[in-house]
Amino acid sequence: MNNTHLWLALGRNFIFSIILFGALLGVLWVAEMIFPSVTLLKWHDPAWVIGIPASVIGVAYILTVRDPQNYTGFFAGIVMSILLGIQFLLQKQFDSAFLFFFVFIPFQLMSIYKWSRSKKDGGASFEPKFLDTPRLILSISMLVFLTAGDYLMATYAFQQNELSDNVTIKLLNGLLISSSFLANYWLIYRKTDSWIYWFIYSIAGIGLFIILGNAFSIVLFCFFLVINSMAGIAWIKGTTKENLGWLKIFVK
């Protein structure tokens, strides 16, 4: 697949994402018209407004990188990370803002570099692989460590607010951050496990925003759940028996 086809695929995914979110906003607008007492569209909130293009670009990003051969999606991922970083700054969620600005953007730049270098060197196609058992254990340990670390920061380092007072919110927010960190990290190295963490990220996001009462974000993370599941299945199907890693002990 040449670069033109890769960019065209990204463009098609972007158009699909625009249509998808246009339909979502239309449904929410109709719901507000039917139930005037319910506020679903928060146009007065700059952070909410920035979240819309971030979400549109984010869906295009996930749809694109579900193809292990197409890493043009990481260019969209960089734009998404910048917008989400700004959104979290406006919401005073500094841990999440730091993650997007100083972790995710470098991760995505590394992915673009590795992809470009491999293409330039005429390297083999990108084959998804599962982690081996030691790295799986390390990865799970990192998930627990990062979740606990974010919980402690929300409890003792940040100003008191709804996030720092609610135990469930803190746990879900910590899981959201830790799973997205590992998902992005393992995606660089084309590990199929990354989609397991994207699945956890989607579930944690749905739970978090149900508690916070953010209807737009609930629907958004439901979309992420479906899209990430589809991408994960595509990568699993593309993983050969030789690359099953820790999964080999469960597969005869």
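Residues numbered from 1 in each chain as written. Predicted model: local features only at pLDDT ≥ 70, side-chain atom pairs only at ≥ 80, totals over all residues. Heavy atoms only, no water.

## Some remarks on the overall build of the protein
Piece 1. For the protein, the count of helices and strands is nine helices and zero strands.
Piece 2. For the protein, whose C-alpha radius of gyration is 19 Å, the value lies close to the compact-globule estimate of 18 Å for 252 residues.
Piece 3. Viewed in the frame of its principal axes, the protein has a C-alpha envelope of about 55 × 40 × 35 Å.
Piece 4. Counting across all 252 residues of the protein, residues that qualify as buried make up 48%.
Piece 5. Working note: accessible area of the protein is about 12900 Å², and carbon and sulfur atoms make up 71% of it. (Helix = DSSP H or I, 4+ residues; strand = E, 2+ residues; numbered from the N terminus. Rg over C-alpha atoms; globule rule 2.2 N^0.38 Å. Buried < 20%, exposed > 50% of the residue type's maximum accessible area, 1.4 Å probe, protein only. Areas by Shrake-Rupley, 256 points an atom, 1.4 Å probe, with all protein chains shown as cover.)

## With respect to helix α5 (residues 133-156)
Piece 1. Its 24 residues give α5 an end-to-end C-alpha distance of 35 Å, which sits within 8% of 34 Å, the value for a rise of 1.5 Å per residue.
Piece 2. Buried within α5 are the following residues: Leu136, Ser139, Leu143, Thr147, Asp150, Ala154 and Thr155.
Piece 3. Measuring from the backbone nitrogen of Arg135 back to the side-chain oxygen at the start of α5 gives 3.0 Å, which picks out Asp132 as the cap. (Expected span 1.5 Å × (residues − 1). Polar contact = N/O pair within 3.5 Å; in protein donor to acceptor, adjacent residues only side chain to side chain.)

## Details of the environment of Asp95
Piece 1. Mapped onto the elements of the fold, Asp95 is located in helix α4 (residues 94-120).
Piece 2. On the basis of relative accessibility, which here comes to 10%, the residue Asp95 falls in the buried class.

## Details of the nonpolar core
One recurring pattern in soluble globular proteins is that nonpolar side chains are buried together.
Piece 1. The biggest cluster of nonpolar side chains holds 69 residues, and the ones touching the most others in it are Tyr61, Leu187, Trp195, Trp198, Phe216 and Phe221.
Piece 2. Excluding anything up to four places from it in sequence, Phe221 contacts Leu176, Tyr201, Ser202, Gly205, Ile206 and Phe209. (Core = buried A, V, L, I, M, F, W, Y, C linked by side-chain atoms within 4.5 Å. Contact = heavy atoms within 4.5 Å.)

## Digging into unusual backbone geometry
Piece 1. Phi is positive for Arg190, which is not a glycine, with a value near 55°.
Piece 2. Tracing the backbone shows Arg190 in the loop between α7 (167-188) and α8 (194-212).

## Digging into the side chain of Asn184
Piece 1. You can see Asn184 is positioned in helix α7.
Piece 2. Under the relative-accessibility criterion, Asn184 is labelled buried at 3%.
Piece 3. Among the polar contacts made by the side chain of Asn184, one reaches the side chain of Tyr61 at a distance of 3.3 Å.

## Description of the packing of helix α2 (residues 46-65) against helix α3 (residues 73-90)
Piece 1. Axis separation between α2 and α3 bottoms out at 8 Å; the angle between their running directions is 155°. Relative to α3, α2 is oriented roughly antiparallel. The two elements α2 and α3 cross, and the hand of that crossing is left-handed. Residues Pro46, Ala47, Ile50, Gly51, Pro53, Ala54, Ile57, Gly58, Tyr61, Thr64 and Val65 of α2 pack against Gly73, Phe74, Ala76, Gly77, Val79, Met80, Leu83, Leu84, Ile86, Gln87 and Leu90 of α3.
Piece 2. Of the residues belonging to the contact of α2 with α3, the class tally is 16 nonpolar, six polar and no charged. (Axes fitted to C-alpha atoms, helices over the stretch in contact; angles between N-to-C directions. Parallel < 35°, antiparallel > 145°, perpendicular 65-115°, else oblique. Left-handed = near helix turned anticlockwise from the far one by under 90°. Nonpolar A, V, L, I, M, F, W, Y, C, P; charged D, E, K, R; others polar.)

## With respect to the packing of aromatic side chains
Note on aromatic pairs: each is described by the distance of the centres and the angle between the planes.
Piece 1. Evaluated as defined, the whole model comprises 22 aromatic pairs.
Piece 2. Taking the centre distance of 5.7 Å and the plane angle of 65° together, the rings of Tyr61 and Phe74 count as edge-to-face. Of this pair, Tyr61 sits in helix α2 while Phe74 sits in helix α3, and the two are 13 residues apart along the sequence. Both residues of the pair, Tyr61 and Phe74, count as buried.
Piece 3. Aromatic rings pair up to connect Trp195, Trp198, Tyr201, Phe209, Phe221, Phe224 and Trp235 into one cluster.
Piece 4. The ring of Tyr151 carries Lys170 above its face, with NZ or CZ at 4.4 Å from the centroid. (Phe/Tyr/Trp six-rings, centres within 6.5 Å; stacked < 30°, edge-to-face > 60°. Lys NZ or Arg CZ within 6 Å of the ring centre and 35° of its normal.)

## Observations concerning a nonpolar patch on the surface
Piece 1. A grouping of Trp29, Val30, Met33, Ile34, Phe35 and Val38 is seen on the molecular surface, where their side chains present a nonpolar patch of about 620 Å² in accessible area.
Piece 2. With respect to the secondary-structure elements, Val30 resides in helix α1 (residues 3-34).
Piece 3. Residue Val30 is classed as partly exposed on the basis of its relative accessible area, which comes to 39%. (Patch = residues over 30% accessible without salt bridge, like charges linked within 9 Å, V, L, I, M, F, W, Y side chains within 5 Å. Salt bridge = Lys/Arg side-chain N within 4 Å of Asp/Glu carboxyl O.)

## So, the packing of α2 against helix α9 (residues 215-237)
In helix packing, the relevant descriptors are the interaxial angle and the interaxial distance, both defined with respect to the helix axes.
Piece 1. Axis separation between α2 and α9 bottoms out at 9 Å; the angle between their running directions is 10°. As summarised for this structure, α2 and α9 are arranged roughly parallel, according to the angle between their axes. Every residue of α9 that contacts α2 at Trp48, Ile52, Ser55, Gly58, Val59, Ile62, Leu63 and Val65 is listed here: Phe216, Leu220, Phe224, Ile227, Asn228 and Trp235.

## Section: the side chain of Gln108
Piece 1. Within the element layout of this structure, Gln108 appears in helix α4.
Piece 2. Using a relative accessible area of 0% as the deciding quantity, one classes Gln108 as buried.
Piece 3. The contact partners of Gln108, leaving out residues within four places of it in the chain, are Tyr61, Phe74, Gly77, Ile78, Met80, Ser81 and Asn184.

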